[in-house]
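Below, each chain spelled out in residue letters.
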Amino acid sequence: TYTKNITLTILNCEPEFNGPIADMTIPEDSYNDSINLSYYFRDFNNDSLIYRVYGNTTNLSFNNFASSGLVNITPAANYVGTHSINFSANDSKGG
């Protein structure tokens, strides 16, 4: 009998974005809570994802959505303007 030992490496897959997320309008002195990032990102390894926002977030506040993916965007009082913001997802395993 011949035995051959091999080294097997299991690769971590990075989260994948399945978008786009539609543009939205938030009325002055209101908020938007209709973004669920788990609808737009998935991880093939079924790892938990950590979400973050980046871009021009001046005059905008966001709830603590890093682990839930449920985003609530609240503009500053009496603020009007246009923003382009981006969301990202990361698993804590290199992806």
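This is a predicted model, so every value here is computed, not measured.

1. Topic: the overall build of the protein
Here comes step 1: Within the protein, the secondary structure is distributed over 0 helices and 7 strands.
Here comes step 2: Order of helices (α) and strands (β) in the protein, N terminus to C terminus: β-β-β-β-β-β-β.
Here comes step 3: Whereas a compact globule of 95 residues would reach a radius of gyration of roughly 12 Å, the protein reaches 19 Å, over 25% beyond that.
Here comes step 4: In the protein, of all internal contacts separated by at least 6 residues, the share reaching a separation of at least 24 is 66%.
Here comes step 5: As presented, the protein carries roughly 7100 Å² of accessible surface, and 47% of it is formed by carbon and sulfur atoms.
Here comes step 6: With 4 positive and 9 negative side-chain charges, the protein shows a separation of 19 Å between the mean positions of the two kinds.

2. Structural notes on the packing of aromatic side chains
Here comes step 1: Counted under the stated rule, the structure contains 4 aromatic pairs.
Here comes step 2: Judged by centre distance (5.9 Å) and plane angle (80°), the ring pair of F65 and F87 falls under edge-to-face. Of the two residues, F65 sits in the loop between β5 (60-62) and β6 (70-75) while F87 sits in strand β7 (residues 85-91), which places them 22 residues apart along the sequence.
Here comes step 3: Exposure remark for F65: the relative accessible area of 5% places this residue in the buried category.
Here comes step 4: A connected cluster of aromatic rings, assembled from ring pairs, spans F17, F41 and Y51.

3. Here we look at the pattern of salt bridges
Here comes step 1: A full pass over the atoms with the stated rule returns 1 salt bridge.
Here comes step 2: Across the pair K93 and D47 runs a salt bridge whose closest N-O atoms are separated by 3.1 Å. Of this pair, K93 sits in the segment after β7 while D47 is found in the loop between β3 (41-42) and β4 (49-55), placing the two residues 46 residues apart along the sequence.
Here comes step 3: Accessibility expressed as a relative area gives 53% for K93, which makes it exposed.

4. Notes on the nonpolar core
Here comes step 1: Counting 11 residues, the largest nonpolar core is built from I35, L37, F41, L49, Y51, L60, F65, V71, I73, F87 and A89.
Here comes step 2: Elements represented by at least two residues in this core include exactly β4, β6 and β7.
Here comes step 3: Residue contacts for L49: discarding those within four places in its chain leaves P15, F41, R42, D43, A66, S67, A89, N90 and D91.

Conventions and cut-offs
- Residues numbered from 1 in each chain as written.
- Predicted model: local features only at pLDDT ≥ 70, side-chain atom pairs only at ≥ 80, totals over all residues.
- Heavy atoms only, no water.
- Helix = DSSP H or I, 4+ residues; strand = E, 2+ residues; numbered from the N terminus.
- Rg over C-alpha atoms; globule rule 2.2 N^0.38 Å.
- Contact = heavy atoms within 4.5 Å.
- Areas by Shrake-Rupley, 256 points an atom, 1.4 Å probe, with all protein chains shown as cover.
- Lys, Arg positive; Asp, Glu negative; His and termini not counted.
- Charge placed at Lys NZ, Arg CZ, Asp CG, Glu CD.
- Phe/Tyr/Trp six-rings, centres within 6.5 Å; stacked < 30°, edge-to-face > 60°.
- Buried < 20%, exposed > 50% of the residue type's maximum accessible area, 1.4 Å probe, protein only.
- Salt bridge = Lys/Arg side-chain N within 4 Å of Asp/Glu carboxyl O.
- Core = buried A, V, L, I, M, F, W, Y, C linked by side-chain atoms within 4.5 Å.

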